[in-house]
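# Survey of secondary and tertiary structure
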Amino acid sequence: MTAYLSTGSDLIVNEQAPDSAWPVPLTVIGSKNGDALTPENIRGALPALSFDGGPGRDRLSTIPGTPTSLNGGDGDDFVIDRGGDGNQIACGPGNDWVVGPGPTQQEGGFTPRGARYPVDCEHVRLRPTEGRTALVSALAPSAVFVKTPGGEFHGVQYQELVPLGSAVRAPSSSTGEAASAYVYTIAGDQLAWVRVLGSRVSLAQPPGRGGVLTLELLGKPRCNGSTTRKGIDRPRVNVWAPTTGRPARVNTPEAVITAMQSTGRGLAQFVVDRQCGGTLVTMKQGAGLTITRPSGKKVKTLTAGEPYLVRPAK
């Protein structure tokens, strides 16, 4: 049986008796507009499912309990592999992402694809668990360090799943991508990520806030009793975050800094510098930043190139 999607969010329904299966496997052909095929789009049981995304940016997921064959087709596709037996995944042309159970490291060195997926899946990441774990990724071994609760800092060998509450630092003085830590969480079927460079941050994904990936800047500067100087050994972090999808957030004792979203693709870049007189926030690029107090009171909206010092609340 073959079904053709006309929009990006069609619902596939088995109208036979509850929980009964189609007598033959179902093949779904996507539209040219970008399609979504996730467990939320399926009603009823299927013996097997084959999906061809066709042109456009598709968001696809294997279906738990159903052998699933996915082909992203043309376009920049995002695939979630939920594991299980009998699944087959091909990404097709485009700059494609797969989030799945891996493995992603092969003997003799790192490959961005991994042994489980074909070469047309350009980017593969281990799948974190919503509200429980995060994925920390580095482009070079031991360029990034993590510390799990109760543990010690150790170098990341390309990728590592860590529990939320872990600390991450990428201490290189270089601002290059190879020196940065990439942190990923997942909320529903959406992947949230940030690129981090600098001092220690702890990782969180607070419940009830849409799965927002939250970084808490750890430590405080040495001030020698002065609150007017910047201080030395200051906690300072550079953050890059996508301007579409799930937002990214950085917390300090004085401020909650959230990257604003926009309709265009791109990256927001900002610097959070905890000084003796407060938290200095500098917007480098992107749609803007929203700064609030930890209590939720709005302080300011920053635009690109604008610095702002958030002083401690009186």
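Read on for a plain summary of the structure. Note that residues are indexed from 1 along each chain, following the sequence as it is written. Given that this is a predicted model, residues contribute local features only at a pLDDT of at least 70 and side-chain atom pairs are listed and counted only at 80 or more, while totals for whole chains, interfaces and linings are drawn from all residues. Water and hydrogen atoms play no part in the side-chain values, which are based on all heavy atoms of the structure.

### Regarding the overall build of the protein
A run of DSSP states H or I qualifies as a helix once it reaches four residues; a run of E qualifies as a strand once it reaches two. Both are numbered from the N-terminal end. A tally of regular secondary structure across the protein gives 0 helices and 30 strands. Expressed as a percentage of its 314 residues, the buried residues of the protein come to 46%. Here a residue-residue contact requires only that any non-hydrogen atoms of the pair lie within 4.5 Å. At a minimum sequence separation of 6, the contacts of the protein that also span at least 24 residues come to 48%. Note that accessible areas follow from Shrake-Rupley with a 1.4 Å probe, and for residues the cover is restricted to the protein chains shown. If you sum the accessible surface of the protein, you get close to 14,600 Å²; carbon and sulfur atoms cover 50% of it. Buried means the residue's accessible area, taken with a 1.4 Å probe over protein chains only, is under 20% of the maximum for its type, while exposed means over 50%, and partly exposed covers the values in between.

### Remarks on the state of the cysteines
Here, the term disulfide refers to a pair of cysteine sulfur atoms separated by no more than 2.5 Å. Scanning the entire structure with this criterion turns up 2 disulfides. Between the sulfur of cysteine 91 and that of cysteine 121 lies a disulfide, 2.0 Å long from S to S. The S-S bond linking cysteine 91 to cysteine 121 shows a torsion near 95 degrees; that makes this disulfide right-handed. A residue pair is termed long-range when its members are at least 10 positions apart, and cysteine 91 in the loop between β10 (88-90) and β11 (97-100) and cysteine 121 in the loop between β13 (109-110) and β14 (123-126) qualify at 30 residues. The disulfide partner of cysteine 223 is cysteine 276, and the S-S distance across this bridge is 2.0 Å. Here the disulfide of cysteine 223 and cysteine 276 is left-handed, its torsion about the S-S bond being about -105 degrees. Here cysteine 276 lies in the loop between β26 (267-275) and β27 (278-285) and cysteine 223 lies in the loop between β22 (213-217) and β23 (236-242), a separation of 53 residues in the sequence. For the pair formed by cysteine 223 and cysteine 276, the shared burial category is buried.

### Here's the deal with the sheet that holds strand β7 (residues 59-61)
Here a strand pair is declared whenever DSSP counts at least two bridges between the two strands. Read from one edge to the other, the open sheet built from 5 strands follows the order β4-β7-β9-β11-β14, with strand pairing classed as parallel. The open sheet terminates on both sides in strands that have one partner only, identified here as β4 (36-37) and β14. Alignment of β7 against strand β9 (residues 78-80), held across 3 bridges, turns out to be parallel. Counted as the bridge partner of serine 61 is isoleucine 80 from β9.

### Examining the side chain of arginine 249
Mapped onto the secondary structure, arginine 249 falls in strand β24 (residues 248-251). Counting rule applied: Lys, Arg positive; Asp, Glu negative; His and chain ends not counted. Salt bridges are defined by distance alone: a side-chain nitrogen of Lys or Arg within 4 Å of a carboxyl oxygen of Asp or Glu. No salt bridge is formed by the buried arginine 249, whose closest oppositely charged neighbour, glutamate 216, lies at an N-O distance of 12 Å. Here a polar contact is taken to be a pair of N or O atoms separated by no more than 3.5 Å, where protein atoms must pair a possible hydrogen donor with a possible acceptor and residues adjacent in sequence count only if both atoms sit in side chains. A polar side-chain atom of arginine 249 sits 2.9 Å from a polar atom in the side chain of threonine 258.

### Some words on the environment of glycine 75
Inspection of the secondary structure assignment puts glycine 75 in the loop between β8 (68-71) and β9. Given the relative accessible area of 23%, glycine 75 is considered partly exposed. For the pair glycine 75 and proline 55, spaced 20 residues apart in the sequence, the C-alpha separation amounts to 5.7 Å. Excluding anything up to four places from it in sequence, glycine 75 contacts Gly56, Pro93, Gly94, Asn95 and Asp96.

### Quick look at the pairing of β22
Extensive coverage of β22 is indicated by the burial of 4 of its 5 residues. Taken together, the 4 bridges between strand β21 (residues 190-204) and β22 define a ladder with antiparallel strand orientation. When the bridges of β22 are listed, alanine 204 appears paired with threonine 214.

### Things to note about the nonpolar core
In these notes, a set of buried Ala, Val, Leu, Ile, Met, Phe, Trp, Tyr and Cys residues joined through side-chain atoms within 4.5 Å is what counts as a nonpolar core. Formed by 40 residues in total, the largest nonpolar core has its most connected members in Val194, Leu203 and Phe270. A per-element tally of this core places β21 first, with 6 residues. Other than its neighbours up to four places away in sequence, phenylalanine 270 contacts Val237, Asn238, Val239, Val250, Ile257, Ala259, Thr282, Met283, Lys284 and Leu289. Formed by 15 residues, the second largest nonpolar core is a distinct cluster that contains Val28, Leu60, Val79 and Val124.

What is shown is where atoms sit, not what they do.
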